[in-house]
Each structure stands twice: as C-alpha cells, then as structure tokens.
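# Fold and contact review
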Amino acid sequence: MKHLIASALIGLLPLSVGATAIEEAPWAPRAAAYRLSLFMANLTPVPWEKIENNWTAPAPGSAVAVEALSRVSDSDAQNIRAALASEDRQALFAATTTALAKGILQHLEAAEATLGQPEAAFEVAQSTALYRAFEDGILAADKQAAYDLGRAWLVLNSSLGSSGILDYGAQDPNVARFTEAQKVIVEYIEKNYLPSVFVERGKLTPAPESAVRSGTPVVLPATLPPGSNIADQRELPRLVLQFEEAGEDEANLPLVAYGDMLFDSPEIFGSPARDLGIACSTCHNRSDVNRDFFIPGLSSHAGGMDVDSSFFNPMFNDREDDHLDTPSMRGIRFTAPYGRDGREPSLRRFVRNVIVTEFAGAEPTPFQLDAMVAYLRAFDFLPNPQIDEAGRLTDKASEAAKRGEVLFNTEFAGLGDRSCASCHTPDRFFRDGQTYDIGSAEPPFPGGTTTAFETPTLRNANFTAPYMHDGSLPTLASVVDWFNDTKDLGLDAEQRADLTAYVQAVGDGEEPYQRFEGRDSVFRLSWEELTTFASTLDTLIPMRDAENIAVLIDTVAPDLAADASVMTNQNAKPEIYQLAAILQAVGDASATGDWAEASRQWDAFKTMQAEIDERMF
C-alpha cells in the first residue's frame, strides 16, 4: 500500500531498504543486457529467447534504445551469439563478461588518448557506466578492492583536465595521476573479468574471478535486473475501507491496524522478496492493482508476473513461463474462492499460501493471520452510482449501457444456452464463485485438461486493465470481441459497443485515485499510515509480545526514515529521523525483555509525534 517513490540516481544497490522502493537510474545498454543475462540465466528453466532479445533489441532499463550487440566488437558479438545458440550458461557468462570488460578498457584507452578534451570525460563516463555491472560483485567479494577502485575512478575524473569556457578556467590534465589510477582499474579488470578461462559457476554473478577461484563464499545482496519497477504506480489507487467509511479510526482497531502493517511489510516473506522490500502492497497498491509492477524475466508485461517461478521460491517452481496478472483485492471478502484458479477456498488459507508458498516466508502465527484477514476483509469496492445494490443499472447509466444490460442477460447458444449474467451474477457482485475453462489457456499437453479459472468480479473492472488471467486483452471492448468471436455470439458492431458500455458502467467507480491537494501529500499519507501501525504498540507492549513487536519495528522504523526524503517540509526531516530512532529503541528494549524501558520509549514517541504532527506538513 506504500512503496513510495523517491526519485534518485543510484549505483547498483538493492532496490529498496525496508518497504520504500527507490527508483533506479537507467543503465548503459551493454551493462543492462549483461545484468539481465545473469538474472535470467539463473532462472529454471532458462528463458533463452528473452536473453537473446536483451542483446538483439533494446534491453529493459537501458538509458538509450539501442541493441547491446551493436556496442561490442564483431568477435565478441559472434561469441555471444554462439553461446545463445548453444544455450550454454557458462559460455554465455564468459562471452558477455569478456565483452563488458573489454568495453571498460577500450573507453579508458580512448579517454587517455583525449586527455584535456571534452571527449575524455565522455569516455570515462562510458567506462564507469559499464563498470557499474561489476560493482556490487566486487563490493561483496572484496571491500578493500572496491574502495581502491572507487578511489581510482575519482582520481581519473579529477585528472582529466578541461579546456574551460571561452578560454577561461582551463585546466591541464594530470597525466601521471590519470595513468596511475587507470593502471589500478585495468589490472583488476584484466585479472578478474578477462581471465583466459572462467571457473565453472553454478550461479552466475558479477563476483570477481579471484574470489570465485579462492573458494571464499561470496554473498551478493538481492537485486532485481535492469528495467524492474516495484514502486507504486504513479496514480495511487484510492483505498476504500469499510470501517473508515463508517467513521471509525483504524487506530481504534489494533488487530486491523496490525494487519495493515503486515500487508505493507516485507518481513513476513522469505529471501529474496524480503531483502528487496517486496510486500503484499507492492503488487496490490492500496487494495487494487499496481499496474506499473514489472520484473523482466518474470513479467511478460507490467501489472503481474510468473508467481511460481524459481526466483522467489524454488520449491514452488512449476518450470513454466506462466505470467498471471495481479487481481484487484477490492471487495475481497465477497469474492471467494481465491487465486486465479480458485485453488484456495478461504481468505485465511490464501494469505498463508502467498506468504509461505509463493514468497518462501516462515509460517505466519495465528495472530498474524487473524490480523491480515481482519484488514483484508475491510477492503470495499469503489462506490458506483450507475448500479444499485442488486447490480441493476440506475438512471445514471447511459442508454447504450441499458441496451447492453439486456444483451448481458440474454442466453446464447455459444455459451451453452446461458447468459453472461449466469457467471457474472449481478446480485452476487458480478461473479458466481465458480471456475471455468473458457478457452483462454492452452492444455498442458495434447489431450490434457486445461486449467480452469475463477469468474472475476466486474465491479471496478475499469481500473484493472489488461484483462483475462494473463492480461492478454488490453480493453473491455477487446474482451467483448473475444467472447463474440470465440463463442459465436453473433453480435454486430452496435451490439458489441452496447455490451461494452454496460460492462464499463458496471466496472466504474467514484474517485478511483488518491488525491493530493494542499497539505495532503504523499508523505502525509505515509506518515499517517506508519504512525497508525505504531499505535498497535499500545496493545502489544502490555501483552509483552516481543515477536510481533520486532516485525512492526523492522517494518515501520526504516520506512519512517526513508520516507522523510519525500517530505515537502525538509526542515522537519531531523525530527522524523529522531522518531525512527525512538521507535527502534522500543524494539531494542522489548527484544531484551526490558518492558519498562520499552514503555518509556513508546511514551516518548507518542509525545514527540503529538508535538510535531501538525507543523511538519
């Protein structure tokens, strides 16, 4: 529900710390293709066609739209193509690593040849952009080498010289310092990324060859490939909570508030989701769909991914490239069974399956499941004045929609003498709780049984495009056309337009996106959520529940500090950092069983929160 976007240009770092996603800087084309190759080659099975596309077409996350192969030498391109053709992971690693390392050295040579000219700075920048693809591997394997290389890059940039502006401010290059720094980088790259033979690697990583040969375990931070986007979509969906609409404050409902926190918490998942800051709310922005979510290799398009791949939980890997679009969770208490294929009969079992099976988390406690279910059950649909409580159109609907309503309730031979309304039952929130094979998926083998999918609700469907389980249809009009064509409904153009108008009327909703005006800001929304989460300490501290306090602190304290970066009132940032520190002190005290100190720090937090609550915005 959060994952607030803090725009920043960063080097290669884990995409997030806590649950606040950081927007990553674009990559040089070769570096992007290389890191995408490593990520995808570690999937099981390896998506070779996608890896090839990363080199032969503009790769996701590239700063410029050029093919990476066009930036390497003919011989390196030939080696990369051969590795792709033979589907040899080790050969791919060797060929792509070699091409990238050569590029670094070639740009440094060009910089050396143009010292004192503007071209030198450009060449060093190009070389640095390629080095970025190795940087986290070096840092993980050898911090001293990473420091020495970082210093060498700084010396390079400060030694370039400059022609100044209009003959003023000219600086002569420092050739000796440049050469010395260049030597440090070149020798390291040649030794570690241009060996005569690379050691066979089980997992492909940018770790330097010397570290791999030594046998020393190298633990790299979890990262996503270039082009990934796990931040909230730009237009945040409006969250409609049943109790809020009735005038109740979430802070008065500690079980619901704790469930809200867990929905926003990466701590309930296993690695790598937890390390990347992925939470339930990453995909389900404020109960709806994050239509910008995208991970190359796992997502065929934005808004979903292959949830049963080898990346998040190898035990759950079905070895199929089967992207599923993220379903909306609005009104979820009315839409059992759960999962696109209706595999989970209850919301409680569905939540447990997502945590443990899909994202490799530890078994949630009964209390945690109670809290999450209590929160999810509060999700409601967006109000829609075009339909009444029984799902019938009101006088606010268009004439075309009213004609479409008749068609929606008409039986068709192509539907087995049933109507659209037979499955999308209006007085049951436009779904029937059943699963069907409607021909939208292929059988697993010739003569095999095709997966059946649950009937999705049509409520608020206008805001969840694309459609079908795999997002294969871009608009509601294309859904109508698909049924007309595949089920031989025989609708003419005008009838299809009327039926589309009806579905759009049913799928509408008031104020679908969060509005930020005046003092209402992204930070204020986050602040109110996080302090509401923290309010559950009023219940957890007297219960002496150190386990659940730890989950809360590990979620809320880092996010408070991270979200200070998007404050409008930057003068108040130090106070937010202080609050985060106080909250951490609560966690430290509870972890050691010092409940008196935990209570004292919590009282200090509440006092300070009350003091700064208004002036910070």
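The present account deals with the structure reproduced in this document. (Residues numbered from 1 in each chain as written. Predicted model: local features only at pLDDT ≥ 70, side-chain atom pairs only at ≥ 80, totals over all residues. Heavy atoms only, no water.)

### Concerning the layout of surface pockets
There is about 720 Å³ of room inside the second largest pocket. In this structure, the second largest pocket is lined by 32 residues; those nearest its centre are Asn42, Lys203, Leu204, Thr205 and Leu220. Where the lining of the second largest pocket is concerned, the elements lending two or more residues are helix H1 (29-41) and helix H8 (209-214). No other element matches H1, which puts three residues into the lining of the second largest pocket. Among the residues forming the lining of the second largest pocket, the class breakdown is 20 nonpolar, seven polar and five charged. (1 Å grid on protein atoms, 1.4 Å probe; cavity = no way out; pocket = protein on both sides within 12 Å on 5 of 7 lines; lining within 4 Å. Points joined across faces, edges and corners; volume = space filled by probe spheres on them. Helix = DSSP H or I, 4+ residues; strand = E, 2+ residues; numbered from the N terminus. Nonpolar A, V, L, I, M, F, W, Y, C, P; charged D, E, K, R; others polar.)

### Quick notes on a negative patch on the surface
Together, Glu244, Glu245, Glu248 and Asp249 line one region of the surface with negative charge. Among the residues examined, Asp249 registers a relative accessible area of 42% and is labelled partly exposed. (Patch = residues over 30% accessible without salt bridge, like charges linked within 9 Å, V, L, I, M, F, W, Y side chains within 5 Å. Areas by Shrake-Rupley, 256 points an atom, 1.4 Å probe, with all protein chains shown as cover. Salt bridge = Lys/Arg side-chain N within 4 Å of Asp/Glu carboxyl O. Lys, Arg positive; Asp, Glu negative; His and termini not counted. Charge placed at Lys NZ, Arg CZ, Asp CG, Glu CD. Buried < 20%, exposed > 50% of the residue type's maximum accessible area, 1.4 Å probe, protein only.)

### Some remarks on empty space enclosed by the protein
As enumerated under the stated definition, the model contains one cavity of 30 Å³ or more in all. Of the voids in this model, the largest cavity is the one considered here, and its volume is about 410 Å³. Residue lining of the largest cavity: 26 residues in total, with His284, Pro327, Phe350, Val354 and Glu358 positioned closest to the centre. Elements supplying a minimum of two residues to the lining of the largest cavity: helix H12 (280-283), strand E4 (304-305), strand E5 (324-325), helix H13 (347-358) and helix H14 (366-376). Element by element, the count of residues in the lining of the largest cavity is highest for H13, at five residues. Taken together, the residues of the lining of the largest cavity sort by class into 18 nonpolar, four polar and four charged.

### Observations regarding the packing of helix H19 (residues 522-534) against helix H21 (residues 546-563)
Contact geometry for H19 and H21: axes closest at 10 Å, N-to-C directions at 155 degrees. Between H19 and H21, the crossing angle belongs to the class labelled roughly antiparallel. As for the relative orientation of H19 and H21, their crossing is left-handed in sense. Note on element contacts: H21 touches H19 through Leu552, Val556, Asp559, Leu560 and Asp563, opposite Phe523, Ser526, Trp527, Leu530, Phe533 and Ala534. Of the residues in the contact of H19 with H21, the class split is eight nonpolar, one polar and two charged. (Axes fitted to C-alpha atoms, helices over the stretch in contact; angles between N-to-C directions. Parallel < 35°, antiparallel > 145°, perpendicular 65-115°, else oblique. Left-handed = near helix turned anticlockwise from the far one by under 90°. Contact = heavy atoms within 4.5 Å.)

### Some points on the packing of aromatic side chains
Taken as a whole and judged by the stated rule, the model has 22 aromatic pairs. For the ring pair Phe134 and Tyr193, a centre distance of 3.8 Å and an interplane angle of 5 degrees mean the geometry is stacked. Here Phe134 is found in helix H5 (residues 118-141), whereas its partner Tyr193 is found in helix H7 (residues 175-193), with 59 residues between them in sequence. With a relative accessible area of 0%, Phe134 lands in the buried category. Look at Tyr193 and you get buried, because its relative accessible area is 1%. Ring geometry for Phe312 against Phe359: centres 5.0 Å apart, planes inclined by 65 degrees, an arrangement best described as edge-to-face. Of the two residues, Phe312 is situated in the loop between E4 and E5 and Phe359 in the loop between H13 and H14; the sequence distance between them amounts to 47 residues. The class of Phe312 is buried, set by a relative accessible area of 1%. Using a relative accessible area of 6% as the deciding quantity, one classes Phe359 as buried. Among the aromatic residues, those joined into a ring-pair cluster are Phe39, Phe269, Phe311, Phe312 and Phe359. (Phe/Tyr/Trp six-rings, centres within 6.5 Å; stacked < 30°, edge-to-face > 60°.)

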